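What follows is each chain in one-letter form.
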Amino acid sequence: MNIKYIAVMLFNIVAGMLYLLSIKGVMDSIVTEESLFQWFVFMAVTITAMYFIKKTEINARESYLKASEDKITGNYINNIFSYDSGLFYSKSTGDHLSYISNDLDAYMENYVKIQPLYCVSIIACVIYAAAALISGKLFSLLMIGVSLLGLLMMKIFSPIQEKRQDEYIKYRPVFVSCIKDYVAGKREISQYSAGTFFMKKFHSAAEEDGERVKRVNAVKDISRSVDVVFFYLIACVNYSICAYGIYKGQLQVGDMVFLTQLSNDVTDYISNISRYKIMMNSVKLKDSFSSASKPESQGIKIKKVEKIKKIELKEVTAAYEEQRVLNNVSYIFEGNQSYMILGKSGSGKSTFLQLLLKVNENYLGDIYFNETNLKYLNKTDIYDAIGYIPQETFIFNKSLKENITFEESEDITDLLREFHIEHLQDAFLLGNGENISQGERKRIDIARNIRKTPKVLLADEITASLDLANKLNVINMLTENKSYILISVSHDYTYEMLQMYDHIVELKDGKLFEVEKDELYKKE
């Protein structure tokens, strides 16, 4: 919200009120047959002032909207590359970011543009009420009081309209999800001849979406209709009050013009307050994507991530899709050690990694990096300190060097040799790694992470889709380096793979507990 923009709008309101006073003066002078010159001069001055103030208001508005749009878009992009960078292994991430991105325009239209007008409308009502009090006329107070009855309409219709709008917003992601499912899963839908099923879902969601829109618009239409009728009723009552005042000789014609316009403006502003409030409440984008995440503002002192000597979980409980996957877990991961966490699919292994990446902060208990609670660590620093190797390695349509360093100047010959991909040094990699093997893709991802010298390295099902030789090769690359805490999660393993890790931990029934390799060997 821009103070300059609001201040200019308020100056314009005051100038408009002075213009009304000049009209009142002209009309009173005509009735009393006094000189009109001074009032015409006053009117000319106020009109000139309103012209220049309006130009200033337009410039202030453009500057405010440009700055707001730059800030929101900038924060949105920054959060994609920092706040939520750990989310990019999630299959739903693209949908989520796309949905939020599509709503940026709605946020600008229904919140950013409206918020200053909402504030000005409230202040204007106070100014007009103060003007009525200053006039000292009983009739002016009475008319402003009648205009304030518009608050009654706001009280009646605002909750209803907000409820309908909220119902629509909550359902909207369901409809958007149906569209995305059909478009993104076109190949699978064709492969399994599921077109009829998905189209039924889509049409059903579209009909429900349309019905909710109708319900929202119906309340809006009724509200507008009643608003208009109520406005004219208030205007008629105020004109009648003025007519009675003139009849009794307590008001002049100029007073009538001034007071009726004043009361009409108050009624307009009250109507605007109701409308603006509903519009602002209809936008649910006021989260980390529209404003940069700054825990400092909540009184939390953010600390830098130093060398991580241990990671400690204290009574941590977390859930995934309403299923509890960690239940009061306490465990310590020691520095320079390698850990393999075993567990069935859906047991919560990936959810656990999300907690360490500070992607998922919806948990009970405490997680400590050294002696510092994870809640007090800066997210950008977390992503700098922690390496992460997802299940699927994304390869850019660029050279090998650019895929690893994201620049061209750095010499990475030794790094390529270390991870046995020096034969690809001059290769141009096709999008999604179409011209390299699965093992090569995984080694590229490891090279990316090792290059940034992580303090902790997280690996999510990294050996999936690899043959045994490549599995052992990849694990060896990760475990022979003792400069970080290595935490791998997997449901697929062999005894040879487990032998390479310092510790084997099992995640079962929401608990983490260390197991002996020999026990697993016997089971195998």
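Since this is a predicted model, take the numbers as computed values, not measurements.

Cut-off values and rules
Residues numbered from 1 in each chain as written. Predicted model: local features only at pLDDT ≥ 70, side-chain atom pairs only at ≥ 80, totals over all residues. Heavy atoms only, no water. pLDDT = per-residue confidence, 0-100. Contact = heavy atoms within 4.5 Å. Patch = residues over 30% accessible without salt bridge, like charges linked within 9 Å, V, L, I, M, F, W, Y side chains within 5 Å. Areas by Shrake-Rupley, 256 points an atom, 1.4 Å probe, with all protein chains shown as cover. Salt bridge = Lys/Arg side-chain N within 4 Å of Asp/Glu carboxyl O. Lys, Arg positive; Asp, Glu negative; His and termini not counted. Charge placed at Lys NZ, Arg CZ, Asp CG, Glu CD. Helix = DSSP H or I, 4+ residues; strand = E, 2+ residues; numbered from the N terminus. 1 Å grid on protein atoms, 1.4 Å probe; cavity = no way out; pocket = protein on both sides within 12 Å on 5 of 7 lines; lining within 4 Å. Points joined across faces, edges and corners; volume = space filled by probe spheres on them. Nonpolar A, V, L, I, M, F, W, Y, C, P; charged D, E, K, R; others polar. Buried < 20%, exposed > 50% of the residue type's maximum accessible area, 1.4 Å probe, protein only. Phe/Tyr/Trp six-rings, centres within 6.5 Å; stacked < 30°, edge-to-face > 60°.

A. Local environment of the confidence of the model for the protein. Residue-level pLDDT values for the protein average 76, and 72% of them are 70 or greater. Segment residues 80-102 is flagged for pLDDT under 50; beyond a separation of four residues in sequence, or across chains, it makes 41 contacts in the model. Note that residues 284-302 has pLDDT below 50 and, in this model, 39 contacts with residues that lie over four places away or in other chains.

B. View of a negative patch on the surface. On the surface, a cluster of negative charge is made up of Glu514, Glu516, Asp518 and Glu519. Considering the arrangement of structural elements, one finds Asp518 in helix α18 (residues 517-523).

C. Fine view of empty space enclosed by the protein. Evaluated as defined, the whole model comprises two cavities of 30 Å³ or more. The computed volume of the largest cavity comes to approximately 60 Å³. Contributing to the lining of the largest cavity are Gln391, Glu392, Thr393, Gln438, Arg441, Lys442, Ala464 and Ser465. Across the lining of the largest cavity, the residue classes break down as one nonpolar, four polar and three charged. In this structure, the second largest cavity spans a volume of roughly 40 Å³. Met340, Ala459, Glu461, Ile462, Thr463, Ser488, Val489, Ser490 and Tyr501 are the residues that line the second largest cavity. No other element matches the three residues that strand β8 (residues 485-490) contributes to the lining of the second largest cavity.

D. Structural detail: unusual backbone geometry. Unlike most non-glycine residues, Asn336 shows phi in positive territory, near 60°. By secondary structure assignment, the location of Asn336 is in the loop between β2 (323-334) and β3 (338-342). Looking at Asn336, the relative accessible area reads 34%, which means it is partly exposed. Of note, Asn370 is a non-glycine position whose phi angle comes to about 60°, a positive value. Relative to the helices and strands, Asn370 resides in the loop between β4 (363-369) and β5 (372-373).

E. A look at a nonpolar patch on the surface. Together, Val14, Leu18 and Leu21 line one region of the surface with nonpolar side chains, adding up to about 190 Å² of accessible area. Mapped onto the secondary structure, Val14 falls in helix α1 (residues 3-32). Residue Val14 is classed as partly exposed on the basis of its relative accessible area, which comes to 36%.

F. Structural context of the packing of aromatic side chains. Inspection of the entire model under this criterion finds seven aromatic pairs. Their ring planes at 75° and their centres at 4.9 Å tell us that Phe333 and Tyr339 sit as a pair that is edge-to-face. Classification of Tyr339 as buried rests on a relative accessible area of 1%. A ring pair is formed by Phe333 and Phe352, whose centres lie 5.8 Å apart and whose planes are at 35°; its orientation type is tilted. Taken together, the positions of Phe333 in strand β2 and Phe352 in helix α11 (residues 349-356) put the pair 19 residues apart, joining distant regions of the chain. Since its relative accessible area comes to 0%, Phe333 is described here as buried.

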